[in-house]
Amino acid sequence: MESEKSRESNADKVDDGSPRRSDSVKSSQSKPRLKLFSKVMEKSLQWLLDNASLDRFSHYFQPLSKQNPPLTEAMHKQFISQLQTLVQNEIATVIEEGDLQVKFKELDQLEELAKDTPQAAWRPSGVPELDVCSGLVSYYKKQEEYMRIQLKKLQKENAGLAQKVQAGRESITHTEQRIAAGVEEWRASLEDLEAFASTLSPSEHFESL
């Protein structure tokens, strides 16, 4: 019975004793990222403290550890306590200075937005040349689209300016035509005036006398 229970309990773990990936994914989806980060840091710290065992500590402090084991044990306890406090303070500083709580919330928002994106996110192929080329192609395509939009704007502005220029030319032509018509009318009026003035000349009356 005990062997069956142990096999059942081990079935939920991989060879290294860690939980299955599906279980970790489910737990990560149900917990905030900051709590998960703190949990990972806590486990990492515990792993570090477990590896800093008294045996290892004594091994590096020979022959003191053999001559005075109680002193060595006291030094080890003090070392573990100070190491734990130092690492915990450093983790707290990273969370505070890095503003991880806000950053993790932003990451959650990005993940939520990515769910509605049908296109898969870009992943490196492992070949630097191809990755660089693919990045440059995407960049140049964006630049090409930008230049196309700017060209359409310039063409539209040029068309508007051409219409204004054409309207100005037509206005100048109409003005020239009105001026020419006025000059012709003035010349005709001048000829009529000269003809009328010639009828009033007294030279013919003097000659008849």
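As shown above, the structure is provided for reference.
Just so we're clear, the structure is a prediction, and the values are computed from it rather than from any experiment.

Quick notes on the rules
Residue positions are counted from 1 within each chain, in the order its sequence is given. Local features in this predicted model are restricted to residues whose pLDDT is 70 or higher, and side-chain atom pairs enter the listing and the counts only when it is 80 or higher, whereas totals over whole chains, interfaces and linings include all residues. Water and hydrogen atoms play no part in the side-chain values, which are based on all heavy atoms of the structure. By definition, any uninterrupted DSSP run of H or I lasting at least four residues is a helix, any uninterrupted run of E lasting at least two residues is a strand, and each is numbered from the N terminus. Multiplying 1.5 Å by the helix residue count minus one yields the expected span of that helix. Buried means the residue's accessible area, taken with a 1.4 Å probe over protein chains only, is under 20% of the maximum for its type, while exposed means over 50%, and partly exposed covers the values in between. Contacts between residues were defined by any pair of non-hydrogen atoms, one from each residue, lying within 4.5 Å. Contacts described as polar in this section are N or O atom pairs within 3.5 Å, which, within protein, must combine one atom able to donate a hydrogen with one able to accept it, while residues neighboring in sequence count only if both atoms come from side chains. In this analysis an axis means a line fitted to C-alpha atoms, helices contributing only their contacting stretch, and an angle means the value between N-to-C directions, from 0 to 180 degrees. Comment on the angle field: the value is read as roughly parallel under 35 degrees, roughly antiparallel over 145, roughly perpendicular from 65 to 115, and oblique elsewhere. Any Lys or Arg side-chain nitrogen found within 4 Å of a carboxyl oxygen on Asp or Glu counts as a salt bridge.

What follows deals with helix α6 (residues 69–97). When the terminal C-alpha atoms of α6 are compared, their 42 Å separation across 29 residues agrees well with the 42 Å that a helix rising 1.5 Å per residue should span. Looking at α6, one finds that the buried residues are Thr72, His76, Ile80, Leu83 and Ile91. Looking at the buried side of α6, the elements it contacts are α3 (33–51), α4 (54–59) and α5 (64–67). Sitting at the amino-terminal end of α6 is Asn68, which places a side-chain oxygen 3.2 Å from the backbone nitrogen of Leu71. Just beyond α6, the residue with positive phi is Asp99, at close to 50°.

The next subject is the packing of α3 against helix α7 (residues 100–114). Closest axis-to-axis distance for the α3/α7 pair is 9 Å, and the angle between their directions is 120°. By the angle class used here, α3 and α7 are oblique. In contact with Arg33, Leu34 and Phe37 of α3, α7 contributes Leu100, Gln101, Phe104, Leu107, Asp108 and Glu111.

Time to look at the side chain of Ser65. Mapped onto the fold, Ser65 is located in helix α5. Judged by relative accessible area, Ser65 falls into the buried class, the value being 10%. Once residues lying within four places of it in the same chain are set aside, the contact partners of Ser65 are Ser58 and Thr72.

To continue, consider the side chain of His76. Summarising the element assignment, His76 is placed in helix α6. Residues within four places of His76 in sequence aside, it is in contact with Ala52, Ser53, Leu54 and Phe57.

Before going further, it helps to spend a moment on unusual backbone geometry. Of the consecutive residues Gln62 and Pro63, the connecting peptide bond is found in the cis state with omega at 5°. Among the structural elements, Pro63 can be located in the loop between α4 and α5.

Let's shift gears to the pattern of salt bridges. Counting across every chain of the model gives six salt bridges. Salt-bridge contacts for Glu144 lead to Arg148; the nearest nitrogen and oxygen are separated by 3.1 Å. With a gap of four residues between them, Glu144 and Arg148 both fall in helix α8 (residues 128–199), about one helical turn apart. The class of Arg148 is partly exposed, set by a relative accessible area of 36%. Note that Glu145 and Arg148 form a salt bridge whose closest N and O atoms lie 2.7 Å from each other. Here the residue Glu145 and the residue Arg148 both occupy positions in helix α8, the gap between them amounting to three residues, near one helical turn. Within the structure, one salt-bridge network assembled from shared partners comprises Arg33, Asp108 and Glu111.

Note that all results are geometric; they support no functional claim without further evidence.
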